[in-house]
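Descriptive analysis of the structure
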Amino acid sequence: MFEWMKIPYALLTLFIVVNYGLLMTALIAKIGARVGRRHGIPIYQNYIDLIKNYGLRSSITHGFMFYLGPVFRLTGGVGLILFVPIIYGSEVFSNFSFAGDLILALYFIFFGTLGMALGAGESGHPYAAIGISRGLSQVTMAELPLAMAVFAVALQYQTLSITDIVAAQQGGILNWTLFTNPFAVAAAMMSFLGSMMRPPFDVVLAPQEIPIGPPTEYHSSYLALMQTNRVIFPIAKIAIFMSLFFGGAASWPVFFLKVFLIYMVSVFVGVVFPRFRVEQSIRWFLIWAVPMGVLGLVWV
Amino acid sequence: MKDELKKRIITGPDGFEFEVDPLNDYYCDAPPKVHPPAYVKIVEDLFNWARSESIWILGFGTGCGAIEMRPLMTPRFDAYRYGVQWRPTPRQSNLFIISGYLSVKTLKRVIRSYEQMQSPKYVIGLGSCTINGGMYWDSYNTIKKLDEYLPVDLYIAGCMPRPEALLKGFEDLKKIIRAGEGEGANIYAKNFDWYKANQKKVIQDWDMPDYNW
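Definitions and limits used
Residues numbered from 1 in each chain as written. Chains lettered and ligands numbered in written order. Predicted model: local features only at pLDDT ≥ 70, side-chain atom pairs only at ≥ 80, totals over all residues. Heavy atoms only, no water. UniProt positions renumbered as here; feature names shortened; annotations may be inferred. Buried < 20%, exposed > 50% of the residue type's maximum accessible area, 1.4 Å probe, protein only. Helix = DSSP H or I, 4+ residues; strand = E, 2+ residues; numbered from the N terminus. Pairing = 2+ DSSP bridges. Patch = residues over 30% accessible without salt bridge, like charges linked within 9 Å, V, L, I, M, F, W, Y side chains within 5 Å. Areas by Shrake-Rupley, 256 points an atom, 1.4 Å probe, with all protein chains shown as cover. Salt bridge = Lys/Arg side-chain N within 4 Å of Asp/Glu carboxyl O. Axes fitted to C-alpha atoms, helices over the stretch in contact; angles between N-to-C directions. Parallel < 35°, antiparallel > 145°, perpendicular 65-115°, else oblique. Left-handed = near helix turned anticlockwise from the far one by under 90°. Contact = heavy atoms within 4.5 Å. Nonpolar A, V, L, I, M, F, W, Y, C, P; charged D, E, K, R; others polar. Buried area = accessible area lost by both parts, 1.4 Å probe.

Chain A goes by Histidine kinase in an unreviewed UniProt entry, where it is assigned to Magnetovibrio blakemorei. Taken from UniProt, the Subcellular location (unreviewed entry) comment for chain A reads in full: "Membrane".

Put into structure tokens, the structure is as follows:
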């Protein structure tokens, strides 16, 4: 029997996550600006940018897939958030999670990238094509250690349900996967760096080189859709990482704190290291991340 | 017209022949439309406020004035505080700063970039050169009055104006937008023939359709 109450509950989760994402990305941008000794954008800037982009009067299209690209992208983010349990032990915020949601989550992580590739490919801009070819090769490579880490975790806890994995990690910080299987977590975090669009793995967007890669031709509401996804998707992804490796969250404050700290990992790395070229990042994943994933598998 | 822009038949690597018509394949020559503020007043006011507080500048420096825009991104002036950001593509930009003198060759690129921007869009003329030619008043190869070629919302006078003047200019532009007077795109669409005639008068090798978004 399907509980209809789950739908407004899931929408509530989405609402909280969108607002938290808008504020947190602005905060992260401010932190990045402070590293450069600037003050950076106001904390509410993302809201205004969104309203403005939805409010632009004209927009043009390059074809059918050009429309669908941002829609696929947003579907990837929203789908991810709807099908993973956000707060452990909460009836309200467990969303539509089910026994095999880990597999679905893995699929949704890749879904938006593919949609974006199709949409941006149709825009016909050469920079978009360059960005896509770079992005797909890099994301595919980053996905490999993540998949290994996820398999290791699934083997370790003998389940494919995220809720069960979080349940197995309760009862103290030493029960987290971070401590019970450090190699898998290391592999997953390396893959995490590769998928956050921050240096050293931001050659896909590469603002000074192929301005700005896949979304070059996107504007107005298309861009606004993608901006919306850009605040939802990283948080949904981090929520999965948090559930699999860092003990999950039993309440919203804990969730906010853990998501922020995990996000900051990529920011710290990003402000310190310069950009990899694609072949360098692929080599880096093969040499460092994949063996970690193999070790994590062997560990269990 | 240049050879590479002419319609021709090309044989692909697998022997398949197809027709290439660069002017139709790569450009759209549909004329620009007037986009009226069709919303309820309060909604339009909200959008105008958002547009004024989120100004995205096209990263396109045309003359020596471009060097005055760089300090705005750095710690000393930091224009990001005021909602001003730079975008690398005309599709996503709202504000085009013509930074200083504009040679005829650059004017062509400026027109293409301007027409690719989405409505509503704004133009700032930076420095004396955009007002009356400035120190290039008798040059054979620069345009003298910018507003004969593009609808200008605001001029920032000086040779060169300092970054503080630019910041003040942004604040004034915000007032213009909030008052609902930043309708440059519609003015351009309404007086399209006049602008095109002026542009074609100075650009000798016009090898693109009249309107190319």
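**Some words on the pairing of strand S5 (residues 95–99) of chain B**
Residues and elements named next belong to chain B. The element S5 is largely enclosed, with a buried count of five among its five residues. In S5, alternate side chains face the same way, and those of Leu 95, Ile 97 and Ser 99 on one face and Phe 96 and Ile 98 on the other are all buried. As paired elements, S5 and strand S6 (residues 122–126) share five bridges and run parallel to each other. Bridging across to S6, Ile 97 finds its partner in Ile 124.

**Brief notes about a nonpolar patch on the surface**
Residue and element names in this part refer to chain A. A contiguous nonpolar patch, built from Phe 2, Trp 4, Ile 7 and Leu 11 and spanning about 440 Å² of accessible area, is present on the exposed surface. Residue position: Ile 7 is located in helix H1 (residues 6–35). For Ile 7, a relative accessible area of 33% corresponds to the partly exposed category.

**Focus on the packing of helix H2 (residues 45–55) of chain A against helix H2 (residues 41–53) of chain B**
Contact geometry for H2 of chain A and H2 of chain B: axes closest at 8 Å, N-to-C directions at 120 degrees. Between H2 of chain A and H2 of chain B, the angle falls in the class oblique. Both H2 of chain A and H2 of chain B take part in a crossing whose hand is left-handed. Contacts between H2 of chain A and H2 of chain B involve Gln 45, Ile 48, Ile 51, Lys 52 and Gly 55 of chain A from the first element and Leu 46, Phe 47, Trp 49, Ala 50, Arg 51 and Glu 53 of chain B from the second. For the contact of H2 of chain A with H2 of chain B, the per-class residue count stands at six nonpolar, two polar and three charged.

**Remarks on the interface of chain B and chain A**
With 32 residues of chain B in contact, the opposing surface of chain A contributes 31 residues. Here chain B packs against chain A, burying approximately 2,700 Å² in sum over the two surfaces, 58% of which is carbon and sulfur. Counting every contact that joins chain B to chain A gives four salt bridges. Between Glu 44 of chain B and Arg 57 of chain A there is a salt bridge, with its nearest N and O atoms 2.8 Å apart.

**Topic: unusual backbone geometry**
Here the amide bond leading from Ser 119 of chain B into Pro 120 of chain B is cis, since omega sits at -5 degrees, within 30 degrees of zero. Topologically, Pro 120 of chain B is positioned in the loop between helix H4 (104–116) and S6. Cis geometry marks the peptide bond from Cys 159 of chain B to Met 160 of chain B; its omega dihedral reads -10 degrees. With respect to the secondary-structure elements, Met 160 of chain B resides in the loop between strand S7 (154–156) and helix H6 (163–178). Positive phi is not limited to glycine here, since Met 197 of chain A has a value of about 60 degrees. Its location among the elements puts Met 197 of chain A in the loop between helix H8 (182–194) and helix H9 (220–245). The phi angle at Asp 78 of chain B is positive, at roughly 50 degrees, despite the residue not being glycine. Counting through the fold element by element, Asp 78 of chain B comes out in the loop between helix H3 (66–73) and strand S4 (84–87).

**Focus on the environment of Ala 29 of chain A**
Among the structural elements, Ala 29 of chain A can be located in helix H1. Note: C-alpha distance between Ala 29 of chain A and Ile 41 of chain A (twelve residues apart in sequence) is 7.3 Å.

**What about the pattern of salt bridges?**
All chains considered together, the criterion is met by 17 salt bridges over all chains. For the salt bridge of Lys 174 of chain B with Glu 53 of chain B, the shortest nitrogen-to-oxygen distance reads 3.9 Å. Of this pair, Lys 174 of chain B sits in helix H6 while Glu 53 of chain B sits in helix H2, placing them 121 residues apart in sequence. When its relative accessible area of 18% is taken as the criterion, Glu 53 of chain B is described as buried. Between Lys 168 of chain B and Asp 172 of chain B there is a salt bridge, and its shortest N-O distance comes to 3.0 Å. Separated by four residues within a single helix, Lys 168 of chain B and Asp 172 of chain B lie in helix H6, roughly one turn from each other. Taking the relative accessible area as the measure of exposure, Lys 168 of chain B reaches 47% and is therefore partly exposed. Beyond isolated ion pairs, a larger network of salt bridges with shared partners links Arg 57 of chain A together with Glu 44, Arg 51 and Glu 183 of chain B.

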